Amino acid sequence: DTAVSQTPKYLVTQMGNDKSIKCEQNLGHDTMYWYKQDSKKFLKIMFSYNNKELIINETVPNRFSPKSPDKAHLNLHINSLELGDSAVYFCASSQGGSGFGYTFGSGTRLTVV
Amino acid sequence: GENVEQHPSTLSVQEGDSAVIKCTYSDSASNYFPWYKQELGKRPQLIIDIRSNVGEKKDQRIAVTLNKTAKHFSLHITETQPEDSAVYFCAVQGGYALNFGKGTSLLVTP
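As the structure is a computational prediction, the values presented were derived from the model and not from experiment. (Residues numbered from 1 in each chain as written. Chains lettered and ligands numbered in written order. Predicted model: local features only at pLDDT ≥ 70, side-chain atom pairs only at ≥ 80, totals over all residues. Heavy atoms only, no water.)

(A) Quick peek at the state of the cysteines. Residue and element names in this part refer to chain B. Counted under the stated rule, the structure contains 2 disulfides over all chains. Here Cys23 engages in a disulfide with Cys90; their sulfurs sit 1.9 Å apart. Between Cys23 and Cys90, the disulfide has an S-S torsion of -95° and is therefore left-handed. Highlighted residues: Cys23 in strand 3 (residues 19-25) and Cys90 in strand 9 (residues 86-94), separated in sequence by 67 residues. For Cys23, a relative accessible area of 0% corresponds to the buried category. (Disulfide = S-S within 2.5 Å. Helix = DSSP H or I, 4+ residues; strand = E, 2+ residues; numbered from the N terminus. Buried < 20%, exposed > 50% of the residue type's maximum accessible area, 1.4 Å probe, protein only.)

(B) Just the pairing of strand 8 (residues 72-77) of chain B, in detail. Residues and elements named next belong to chain B. Both strand 3 and strand 8 contribute to a ladder of 6 bridges, which runs antiparallel. Bridged to Ala19 within strand 8 is Ile77. Taken together, the 6 bridges between strand 7 (residues 62-67) and strand 8 define a ladder with antiparallel strand orientation. Bridge pairing links Thr65 to Ser74 in strand 8. (Pairing = 2+ DSSP bridges.)

(C) Summary view of the environment of B:Ser74. Residues and elements named next belong to chain B. Residue placement: Ser74 occurs in strand 8. Assessed through its relative accessible area of 5%, Ser74 is described here as buried. Separated by 54 residues in sequence, Ser74 and Val20 have C-alpha atoms that sit 6.7 Å apart. Once residues within four sequence positions are removed from consideration, Ser74 is found in contact with Val20, Ile21, Lys22, Trp35, Ala63, Val64 and Thr65. (Contact = heavy atoms within 4.5 Å.)

Listed below in structure tokens is the structure:
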């Protein structure tokens, strides 16, 4: 039974389109995150939610909008996709907001053409 | 956010040798320091972590040391095996999220 699951695993889309990535965790964790991993493998925090509340919103274009309907789900919607959005997006969860290791999802490889 | 420097960016060792990866950070209030291993095409996975009230932690062939005064911590892998080949990331708790180093690509050759 997968602890943190993301869908889809691969996403190829044209510039200008809108797409969503879904994430669900069954660990009972309170905090969920979205990270972007670029082509150089750098993992950068985008958003963090604690019990459905947004607690981190890094310098991310407002074309990216996270939504957390409950503490087990954190989705990412991206409007007007650009070539530079191509990356692997990882969802993660942790038991608390500070001082706990993350469990990552398997990642979504987004390619914008 | 927290500035995390990781060195080296690539490391090649022979099977059986030791490997050491070092990270430095800037915020003296940081108190949690995990290490992640990411194999090609896979998710990052937590391999070991250390908190600021501890100087060293070991788990079989891997160990982490922390020097809070100097603000650096290191990952040590002994008796390396080919399956240790991966990208390793250090991370530092900065507020409500982990800030990651840029990764070290470790290659263990038989």
